[in-house]
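Now for the letters of each chain:
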Amino acid sequence: MSQPGSNVRLRSARHAAGYRSQQELATALGVGVRQVRRWESINPPWPHPDLQQALTALLGQEMEALGFTPPAGRDRPDPLRRSLVGASVAAVGLAAVPMQSAAAMQPSSVAADFEAVTRSHRRLYWSVAPATLHPAAVAHAALGCALLTETAGQTRRTVAAALAESYLLAGRIEFFDLRNGEQAGRTFLLALQAAGQADDSLLGSAILAHTAFIPAWSGDRDAAVERMVAARTYARRGPASAELLAWLDAVEAECETRSGNTPTALHLIGHAEDVLAAGTEHPSPPWLDWFTGVRLAAFKGNTQLKAGHLPQARTTLLGVLDDMPATEDKQRTVIFGDLAAVEAAAGDPEQACEYARQALDQLGRTWYAMGMARVREVRRALAPHQHEQCVRDLDERLYGWSTTVSALAR
């Protein structure tokens, strides 16, 4: 209940912005708590211009809406100030995450509610068909954009971080599952803008590293390296966990592998193994659910394969299968595909086809475009053996009605 004779508007705006106490708002503004108490009194004094700007930025409302009455002759804050960044982005033709507006503020509880749905979508990614989950993630992101215009302060930063995660998830689906790199690039840009509004440098690092996959897949090593430099710069701004730092090494290793620089890639993977072994005191953020030590070994096995180190690749990938959790259905298709590629390169078409069939079995349960791409690469490698019965049997599976329709539909 509001205290009698208090500035109810400022108090309400403070709570909506996620500042539960006067001390929290004072800390955010860099003033003493006594100053906030005076502002929340029945006759609040008119703040200095710099504090006016800070208050309107943190709470998302103009001074009069916060219960202040400007003295005669004093300038009022420019209501267009906070829209300038969004306008400049739109002027150069880029998609933009919205800035604050003068709309009524949502309560602080919307942040936790929006974040909970984002978290659920992140977990659903590992089992729900990508074509089914993607529209839900995009619609949820649209809701987040709407909420950004109606929230402020800590509440807005929480919404912005969850929005960045939602766009990151949508971009991951577009790139890894739907194989649409152009669309993924646009979505990752929106994710980066939202992470910027949340001022979350670690999330920004993860998004930038994802963008490096796009030029790497098209053979543009220089662009991929430049994006990885940016990703590492952002990671240095926050308390990065060992897992995040090792994952950045793994991503760069994948980019180098795609460019044919397997010695460099293996060096990066070795460094990532050392980073994981040493650890840090910083925990991994909850959204970093796509990387573990087992995933790093999967990166290593693929790089060993591309380097022509077939016995080492076979040993590494079999170890990954043994250590992989039962929930890693999508990644399992990739490992089966890589093992099939190892055996094809080693001149054993029977074993290669067996692993490829296991990958197709897994794809029948959980679709993953990257897994299907691995199987098709193996089939191309088996061209010299295409008249052998094992390869013909694989073709029957690979080009069966259900597999062909599923691949074209996705």
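### Some remarks on empty space enclosed by the protein
Any empty space left between atoms is shown by rolling a water-sized probe over those atoms. All chains considered together, the criterion is met by four cavities of 30 Å³ or more. One number sums up the size of the largest cavity: a volume of about 400 Å³. Forming the boundary of the largest cavity are 22 residues, of which Phe176, Arg295, Phe299, Gln331 and Tyr368 lie nearest the centre. When contributions to the lining of the largest cavity are tallied by element, the ones reaching two or more residues are helix 8 (153-177), helix 10 (201-217), helix 12 (242-258), helix 14 (293-306), helix 16 (329-345) and helix 18 (369-381). When grouped by side-chain class, the residues that make up the lining of the largest cavity number 12 nonpolar, three polar and seven charged. By volume, the second largest cavity is sized at about 130 Å³. Lining the second largest cavity are 13 residues, with Arg122, Glu165, Leu169, Trp287 and Trp290 sitting closest to its centre. Secondary structure elements with two or more residues in the lining of the second largest cavity: helix 6 (109-124) and helix 8. For the lining of the second largest cavity, the leading source of residues is helix 8, giving five residues. Residue classes in the lining of the second largest cavity are distributed as six nonpolar, three polar and four charged.

### Some thoughts on the nonpolar core
Ranked by internal contacts, the top residues of the largest apolar core, which has 98 residues, are Trp247, Trp290 and Phe291. The biggest single contributor to this core is helix 8, with 13 residues.

### Regarding the layout of surface pockets
Its boundaries defined by the atoms lining it, the second largest pocket holds a volume of some 180 Å³. The wall of the second largest pocket is formed by Glu115, Thr118, Arg119, Arg122, Ala161, Ala162, Glu165, Asp200, Pro285, Pro286 and Trp287. Sorting the residues of the lining of the second largest pocket by element identifies helix 6 and helix 8 as the ones contributing at least two each. Tallying contributions element by element places helix 6 first for the lining of the second largest pocket, with four residues. A class-by-class count of the residues in the lining of the second largest pocket yields five nonpolar, one polar and five charged.

Thresholds, definitions, all that
Residues numbered from 1 in each chain as written. Predicted model: local features only at pLDDT ≥ 70, side-chain atom pairs only at ≥ 80, totals over all residues. Heavy atoms only, no water. 1 Å grid on protein atoms, 1.4 Å probe; cavity = no way out; pocket = protein on both sides within 12 Å on 5 of 7 lines; lining within 4 Å. Points joined across faces, edges and corners; volume = space filled by probe spheres on them. Helix = DSSP H or I, 4+ residues; strand = E, 2+ residues; numbered from the N terminus. Nonpolar A, V, L, I, M, F, W, Y, C, P; charged D, E, K, R; others polar. Core = buried A, V, L, I, M, F, W, Y, C linked by side-chain atoms within 4.5 Å. Buried < 20%, exposed > 50% of the residue type's maximum accessible area, 1.4 Å probe, protein only.

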